[in-house]
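Okay, here's what each chain looks like letter by letter:
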Amino acid sequence: QVQLVESGGGLVQPGGSLRLSCAASGRTSSVALWGWYRQAPGKQRELVASISRGGSANTADSVQGRFTISRDSAKNTVDLQMNSLKPEDTAVYYCYARYYGESWGQGTQVTVSS
């Protein structure tokens, strides 16, 4: 199994930046896809960005040009750099890993507000 722990969330003003980090442990070598999801109150969880074991990254249209996903295999972390944040980015952000099964982190709150 893979264990995931997110950090880096908080309160930020519109236009600001945050960097989320997901610390992974366990059978990380088995992970084929890493990702960041988010869920706002009353909405379904949505995929924000993903990165494959081979390094191919994808981001949702709503965050393209603003968010960047990356992975540091040596440190076993998956990061999400969030720039030009908007109020609609407010959500709980979850780290995700897919292997023969899947794992989720506990989530970290991101609030974009003045």
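Above this text you will find the structure in question.
In what follows, the accompanying structure is described.

Glancing now at unusual backbone geometry. It is generally the case that most residues other than glycine have a negative phi and that most peptide bonds are trans. Here Asn76, not a glycine, exhibits a phi torsion of approximately 55°, which is positive. As for its placement among the helices and strands, Asn76 is situated in the loop between strand 7 (67-72) and strand 8 (77-82). For Ser84, which is not glycine, the phi dihedral falls at a positive 50°. Summarising the element assignment, Ser84 is placed in the loop between strand 8 and strand 9 (91-98). The exposure class of Ser84 is partly exposed, given its relative accessible area of 40%.

Turning to the sheet that holds strand 7, a few remarks are in order. Strand order in this open sheet of 4 strands is 1-3-8-7, and the pairing throughout is antiparallel. Pairing within the sheet leaves two strands with one partner each, and these edge strands are strand 1 (2-7) and strand 7. Going from strand to strand, the sheet's axes swing by 15° on average, the running direction of each strand aside. Bridge analysis of strand 7 against strand 8 gives 6 bridges, and the strand direction is antiparallel. Residue pairing across strands places Ile69 opposite Leu80, the latter belonging to strand 8.

Cut-offs applied
- Residues numbered from 1 in each chain as written.
- Predicted model: local features only at pLDDT ≥ 70, side-chain atom pairs only at ≥ 80, totals over all residues.
- Heavy atoms only, no water.
- Helix = DSSP H or I, 4+ residues; strand = E, 2+ residues; numbered from the N terminus.
- Buried < 20%, exposed > 50% of the residue type's maximum accessible area, 1.4 Å probe, protein only.
- Pairing = 2+ DSSP bridges.
- Axes fitted to C-alpha atoms, helices over the stretch in contact; angles between N-to-C directions.

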